[in-house]
Amino acid sequence: MSTSEQKTIYLKDYTVPEFLISKTELHFDLSADKTLVNSRLNIYRNPDCKKTNPDLVLMGEELTLIDLKVDGERLHPEHYTLDDKTLTIHNPSARFVLEISNHINPSTNTALSGLYKSNTMLCTQCEAEGFRRITWFLDRPDVMSIFSVTMVADKDEYPVLLSNGNRTGSPNIALADNKHAARWHDPFPKPSYLFALVAGDLACLKDSFTTCSGREVALEVYVEEHDLDKTSHAMQSLKNAMRWDEQAFGREYDLDIYMIVAVSHFNMGAMENKGLNIFNTKYVLASEKTATDADFENVEAVIGHEYFHNWSGNRVTCRDWFQLSLKEGFTVFRDQQFTAHQTSEAVKRIKDVNMLRTHQFAEDAGPLSHPIRPSSFVEINNFYTLTIYEKGAEVVRMLHTLLGETGFRKGCDLYFERYDGQAVTTEDFVTALEDANNANFEQFKQWYSQAGTPTVTVTTSYNQNEKTYTVSFEQHNNSPSTQADKEPLVIPIRLGLLDDNGKELNLHGEQTSTVLELTKAEQSFTFTDINTEPTPSILRGFSAPIKLQQTLSIEQKIHLFQHDKDAFNRWEAGQNCLSYFIFKTIDAIQNHHKVPPLPDELVGTFRAILQQPLADLAYQSLLLSLPSKAYLAEQMSTIDIDALYQAHRIVKQTLASSLQDLWLAHYHANHHVGAGTDSQSIAQRSFKNLCLDYLMALETDEVRSMCIQQFETARNMTDQIAALAELSHLDTSINVSYFDAFYQQWKNEDLVIDKWFALQACSETTDALHSVKKLTQHPDFDMKTPNRVRSVIGAFATANPLHFNAIDGSGYEFVADNILLLDSINPQVAARLANSLSHWKKFDSTRQQLIKAQLSRIQAHTPLSKDVSEIVSRSLTA
Ligand code: TRP
Ligand code: ZN
């Protein structure tokens, strides 16, 4: 399909549904290559709908119709019309029962949307529009109905039969032909995208949770038998999340059972289906031996995320898909608060901001930029973006900052109470926060409709005579997208002032930190009784998703790096110093000048931080880390990959050699083979592996043997993978034996083998592309397994900029070849890969031409999914 034929859906065209469904009864006779679906729908005309279209139009794709009945009577062919996307019932009455029988084929469903087969189990994925691949339905989130499900399947092949809600009747009922049946009923009305079923031969970890009102909830985590030993962390995470949501948001769980199922084939991270979450194995399974500390943290965060959706997403859902950030932005904010509570607030905030500024800012600066509430789309699956999720969470965070913790909580309470059981909009969310607090967020709402990352420029002036200090702001929205008349935004700026001794000044009474509310394009704030010119600490905690432009001297930056009481800004000041020198070094390389030295004060501050271990060792590791090359690249108008790599390396080597003894001492002090999973051990590992990373930049034989020693003796995955990552950049002839050993050790653990693939795909060695091509021929590589595709092709395209952007275009060509191969198998995952080709404007003209040539080649290919087609055409037209 060409671009012009793509059907664009607009928010402005939204109308309420013409029909509603009060009750949905589904009957499945399950088998891998022919499943029979019988549905019985109680349908009625929506009294709120003004339109007078006499027909009912149901959505359905890839279905084989067997039978159709209205109020018990078989429907004659002249009373309905069928095409490949819809089933139209002509002129039905105002209220009737529709019965549909159809077949589907789970085993050929490689798109992993609808009902599909993963290894030996059957499972579903219905968000956003997958339910229509199960049976014909009003598959839109504002049609909510009560689901009852009967599942029939072979007893031996599918002993476990799960669906949403509570089990009804006795355990599985035995039937003829070695079959059995299970019944489920979900008392909460829900949209079809939250429907789920799972059938398989699964092992289960059981536990229970007593809610704040004293109800007991059964908790069940289902996995393939061989993974049962990796489920305890997921279970503990679930219990932590349930307790936290009660305490932080007053939200209690509402069914008798909560189930999580881990599947190997999954397009994204996980799915919040009511009472029956389905997860990518990557976000469930964790044991010290096979999962890194980061994996453990991600499991808890994603389990939390899906659990929190039970209120922010399920009890209160989205009116239409333009409102996606209503549930995703809010739920990400909630999971961020949860992780901050479970781990370290400062560390969590720094990690989230790093991710946002590296990847969401890049998305928002390129051709795929869109507001957190988009106004149009072609394929909704392409809008599960960093903007909707991460920037959406930042917008909720700003509301939290503006209202304060108590006001925000009052607003959320009102939101959940007022809209429980409804499908609503982002406007409704903001209105609830306003109403509960007597606030006015009219101007703030621009954040929902305006794309792009605003820039805020700060200037300061001190008046010695009056003892006043004035901070002036100017905001600009530099979004490249063609959005007319950009109004000023409401931007909360948290600020503090430091004196020459690093002491915080009192701003209002005892307060040393205050939130300024920018509402105009230009605005100034004056502080009085300021006895000497202070050092400003601006945008504390990263209080708004903006680019701050501030001209601080290197001395001021170092002053903040040493003294700022705001943990985020202290870290940020250090990053600013380092970025400044890396950019200066890039400049010198490009102009063939002498590389500037790192100032002694900066090295001295690093030394001081290294010499004086902080209580929060994980935070200390971040203070001492270099800004990532990807984050630096995002800030360059034209990315010069080679100069960036060289400059980054030079600065790293300088810090490594100047502080060599300290890195080494801390490495040894914090290295314990096979340590535990408590937060102190985790922090020690991250600190120790940071030391190793600096030391490896020295390229000495001693350090290399130390790294090999760590690899060979590691008893936890964090240490083993950290060492292998270092070795992966050494010459292939050296590292091959370690990769072979690792493969032999872990060949039966898919998630570990994904890491094995990914590390090779990210290697900086000269023949990396050649190795990556070989990896796609490896017997363990499989285009039908998204995790595998992401670990090879995805990792190469997004985490190996050196080789992806090779000047001969070989990296782009390889990725484009694979996008086309994958498109006919799994368009959603193919479209995600295609995002990697959207940043062409950031490169020199040679690379721009090379990337555009690949985009055009993909665009010209037939057939092409609308998923990939939308991404490439938007990438090319911007
Ligand atoms: N709603 C899910 C979440 O963020 C993600 C999701 C959306 C998803 N669409 C999907 C997961 C398709 C898998 C496949 O929690
Ligand atoms: Zn979500």
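Computed from a predicted model, the values in this text were never measured in an experiment. (Residues numbered from 1 in each chain as written. Chains lettered and ligands numbered in written order. Predicted model: local features only at pLDDT ≥ 70, side-chain atom pairs only at ≥ 80, totals over all residues. Heavy atoms only, no water.)

S.K.: Even after reading the chapter, I still don't get the domain arrangement of the chain, so can you show me in this structure?
M.R.: Frequently, the measure chosen for interface size is the accessible area removed from exposure when the parts meet. The assigned domain composition of the chain is domain 1 (1-201) and domain 2 (311-550). Each of domain 1 and domain 2 has a C-alpha centre, and these two points are 40 Å apart. The interface of domain 1 with domain 2 comprises 17 residues on the first partner and 25 residues on the second. Roughly 1,800 Å² of surface becomes buried between domain 1 and domain 2 when both sides are summed, with 63% attributable to carbon and sulfur atoms. At the boundary of domain 1 with domain 2, the tally comes to 1 salt bridge. Linking domain 1 with domain 2 are 6 residue pairs in polar contact (both at pLDDT 80 or more). (Domains from an automatic or database assignment. Contact = heavy atoms within 4.5 Å. Buried area = accessible area lost by both parts, 1.4 Å probe. Salt bridge = Lys/Arg side-chain N within 4 Å of Asp/Glu carboxyl O. Polar contact = N/O pair within 3.5 Å; in protein donor to acceptor, adjacent residues only side chain to side chain.)

S.K.: So what exactly am I meant to see when it comes to helix α23 (residues 810-823) here?
M.R.: For an α-helix, 3.6 residues make a turn, and residues three or four places apart therefore share a direction. In this model α23 runs 20 Å from its N-terminal to its C-terminal C-alpha over 14 residues, within 8% of the 20 Å that 1.5 Å per residue would give. Buried within α23 we find Ser810, Gly811, Tyr812, Phe814, Val815, Ala816, Asn818, Ile819, Leu820, Leu822 and Asp823. Those residues of α23 hidden inside the fold are in contact with α20 (768-775), α21 (786-799), α22 (801-804), α24 (827-834), α25 (845-860) and α26 (866-877). (Helix = DSSP H or I, 4+ residues; strand = E, 2+ residues; numbered from the N terminus. Expected span 1.5 Å × (residues − 1). Buried < 20%, exposed > 50% of the residue type's maximum accessible area, 1.4 Å probe, protein only.)

S.K.: So what exactly am I meant to see when it comes to the coordination of the zinc ion (ligand 2) here?
M.R.: Metal coordination angles in their ideal form are 109.5 degrees for the four-donor tetrahedron and 90 or 180 degrees for the six-donor octahedron. With distances of 1.9 to 2.8 Å, the protein atoms coordinating the zinc ion (ligand 2) are His305 (NE2), His309 (NE2), Glu328 (OE) and Glu328 (OE). Each of the 6 donor atoms bound to the zinc ion (ligand 2) contributes to angles spanning 49 to 161°, and the resulting shape is irregular. Each donor residue of the zinc ion (ligand 2) lies on the same chain, and together they follow the pattern H-x3-H-x18-E. Of this pair, histidine 309 sits in the loop between α2 (293-308) and β22 (317-318) while glutamate 328 sits in helix α3 (residues 324-342), and the two are 19 residues apart along the sequence. Given the relative accessible area of 0%, histidine 309 is considered buried. (Donors = N, O, S within 2.8 Å, 3.2 Å for Na, K, Ca; no water. Tetrahedral: all angles 85-135°; square planar, octahedral: opposite > 155°, others 65-115°.)

S.K.: Would you mind going over the pattern of salt bridges with me for this structure?
M.R.: Pairing between side chains of opposite charge can happen when the charged atoms of each approach one another. Going through the model one piece at a time under the given rule, you end up with 47 salt bridges. Ionic pairing is found between glutamate 328 and lysine 327, a salt bridge with its closest N-O pair at 2.6 Å. For glutamate 328, a relative accessible area of 1% gives the class buried. Overall, lysine 327 belongs to the buried group, its relative accessible area being 1%. Residues arginine 409 and aspartate 413 are paired through a salt bridge, measuring 3.0 Å at the closest nitrogen-oxygen approach.

S.K.: Help me understand the packing of aromatic side chains in this model?
M.R.: Any pair of aromatic rings gets described here by the distance separating the centres and the angle formed by the planes. Applying the stated criterion to the full structure yields 42 aromatic pairs. For the ring pair phenylalanine 131 and phenylalanine 137, a centre distance of 4.8 Å and an interplane angle of 70° mean the geometry is edge-to-face. Comparing phenylalanine 131 with phenylalanine 137, the two get one shared label, buried. When the centroid spacing of 6.1 Å and the interplanar angle of 45° are considered together, the rings of phenylalanine 377 and phenylalanine 383 count as tilted. Phenylalanine 377 gets classed as buried once you look at its relative accessible area, which sits at 7%. Since its relative accessible area comes to 4%, phenylalanine 383 is described here as buried. Geometry around tyrosine 10 places lysine 12 over its ring, the cationic atom sitting 4.4 Å from the centre. The residue whose ring lies beneath arginine 251 is tryptophan 311, and the NZ or CZ to ring-centre distance is 4.6 Å. (Phe/Tyr/Trp six-rings, centres within 6.5 Å; stacked < 30°, edge-to-face > 60°. Lys NZ or Arg CZ within 6 Å of the ring centre and 35° of its normal.)

S.K.: Just checking my understanding: could you explain the sheet that holds strand β5 (residues 64-70) for this structure?
M.R.: Remark on secondary structure: sheet strands pair via backbone hydrogen bonds, oriented parallel or antiparallel. Read across the open sheet, the 8 strands follow the order β6-β5-β9-β3-β2-β12-β15-β14; overall the sheet is mixed. Looking at strand neighbours, the two that pair on one side only are β6 (73-74) and β14 (166-174), the edges of this open sheet. Taken together, the 2 bridges between β5 and β6 define a ladder with antiparallel strand orientation. Across the sheet, lysine 69 pairs through a bridge with arginine 74, a residue of β6. (Pairing = 2+ DSSP bridges.)

S.K.: Before we go on, may I ask you to explain the site of ligand 1 in this structure?
M.R.: Residues in close proximity to ligand 1 total 14 residues, the closest being Glu127, Glu272, Glu306, Glu328 and Tyr389. Between ligand 1 and histidine 305, the relevant distance is 3.4 Å, taken from an oxygen atom to a side-chain nitrogen or oxygen of the residue. A distance of 2.5 Å separates an oxygen atom of ligand 1 from a polar atom in the side chain of tyrosine 389. Out of a free accessible area of 370 Å², ligand 1 has 97% covered by protein chains. (Near = heavy atom within 4 Å. Areas by Shrake-Rupley, 256 points an atom, 1.4 Å probe, with all protein chains shown as cover.)

S.K.: Help me out: how do you make sense of the pairing of strand β15 (residues 179-190) in this one?
M.R.: Consecutive side chains of a regular strand alternate in pointing toward one face of the sheet and then the other. In this structure, strand β12 (residues 145-154) lies alongside β15, joined through 9 bridges in antiparallel fashion. Bridge assignment links serine 148 to a residue of β15, and that residue is histidine 185. Here β14 pairs with β15 via 5 bridges, running antiparallel. Looking at β15, one finds that alanine 174 is bridged to histidine 180. Connecting β14 to the next strand, β15, in antiparallel fashion are 4 residues, including aspartate 177 with a positive phi near 60°.

S.K.: Even after reading the chapter, I still don't get helix α18 (residues 732-746), so can you show me in this structure?
M.R.: Compared with an ideal rise of 1.5 Å per residue, which puts 15 residues at 21 Å, α18 spans 20 Å between its outermost C-alpha atoms and is within 8% of the ideal. Of the residues making up α18, those classed as buried are Asn735, Tyr738, Phe739, Phe742, Tyr743 and Trp746. Projection of α18 onto a plane perpendicular to its axis shows the buried side chains occupying an angular sector of 140°, all on one side. (Arc of directions from axis to C-beta.)

S.K.: Even after reading the chapter, I still don't get the sheet that holds strand β30 (residues 535-538), so can you show me in this structure?
M.R.: Spatial ordering of the open sheet is given by β28-β27-β30, a layout of 3 strands whose pairing is antiparallel. Looking along the sheet, the strands with just one partner apiece sit at the ends: β28 (514-518) and β30. Within this sheet the neighbouring strands show an average axis-to-axis angle of 35°, counted without direction. Bridge analysis of strand β27 (residues 491-498) against β30 gives 4 bridges, and the strand direction is antiparallel. Note that in β30 the partner of glycine 496 across the bridge is serine 537. Packed onto the sheet, helix α5 (residues 386-419) meets β27 and β28 and runs at close to 60° relative to β27. Taken strand by strand, helix α8 (residues 554-563) contacts β27 and β30, and its axis lies near 65° from that of β30. (Axes fitted to C-alpha atoms, helices over the stretch in contact; angles between N-to-C directions.)

S.K.: Could you clarify how one ought to interpret empty space enclosed by the protein in this entry?
M.R.: Once rolled over the atoms, a probe with the size of a water molecule shows which space is left empty. In total, this model carries 2 cavities of 30 Å³ or more according to the counting rule given. The space that makes up the largest cavity amounts to roughly 50 Å³. Ser325, Leu326, Phe330, Ile372, Gly392, Val396, Thr426, Phe429 and Tyr448 together form the lining of the largest cavity. Elements represented by at least two residues in the lining of the largest cavity include exactly α3, α5 and α6 (426-437). Per-element tally for the lining of the largest cavity: the top contributor is α3, with 3 residues. Across the lining of the largest cavity, the residue classes break down as 6 nonpolar, 3 polar and no charged. Considered as a void within the structure, the second largest cavity measures approximately 40 Å³ in volume. Together, Glu363, Leu368, His370, Asn382, Thr385, Asn835, Ile871 and Arg874 line the second largest cavity. Here the lining of the second largest cavity is composed, by residue class, of 2 nonpolar, 4 polar and 2 charged. (1 Å grid on protein atoms, 1.4 Å probe; cavity = no way out; pocket = protein on both sides within 12 Å on 5 of 7 lines; lining within 4 Å. Points joined across faces, edges and corners; volume = space filled by probe spheres on them. Nonpolar A, V, L, I, M, F, W, Y, C, P; charged D, E, K, R; others polar.)

S.K.: Help me out: how do you make sense of the UniProt feature "domain: Peptidase M1 membrane alanine aminopeptidase" (unreviewed entry) in the chain in this one?
M.R.: Here, the residues flagged by UniProt with the feature "domain: Peptidase M1 membrane alanine aminopeptidase" (unreviewed entry) are residues 234-447. As annotated, residues 234-447 has a helix share of 56% and a strand share of 9%, and its two end C-alpha atoms lie 35 Å apart. (UniProt positions renumbered as here; feature names shortened; annotations may be inferred.)

S.K.: Help me understand the environment of alanine 241, please; the structure alone is not making it clear to me.
M.R.: Secondary-structure assignment places alanine 241 in helix α1 (residues 232-249). For alanine 241, a relative accessible area of 0% gives the class buried. Along the primary structure alanine 241 and glutamine 342 are separated by 101 residues, whereas in three dimensions their C-alpha atoms are 9.6 Å apart.

S.K.: Sorry, what's going on with the packing of helix α4 (residues 345-364) against α5 here?
M.R.: Each pair of packed helices can be described by the angle between their axes along with the distance between the axes. Their axes nearest at 10 Å, the elements α4 and α5 cross at an angle of 125°. As summarised for this structure, α4 and α5 are arranged oblique, according to the angle between their axes. Here the hand of the crossing between α4 and α5 comes out left-handed. Along the contact surface, α4 presents Arg349, Met355, Leu356, His359, Gln360, Glu363 and Asp364, while α5 presents Leu386, Thr387, Glu390, Lys391, Glu394 and Arg397. Considered class by class, the residues forming the contact of α4 with α5 number 3 nonpolar, 3 polar and 7 charged. (Parallel < 35°, antiparallel > 145°, perpendicular 65-115°, else oblique. Left-handed = near helix turned anticlockwise from the far one by under 90°.)

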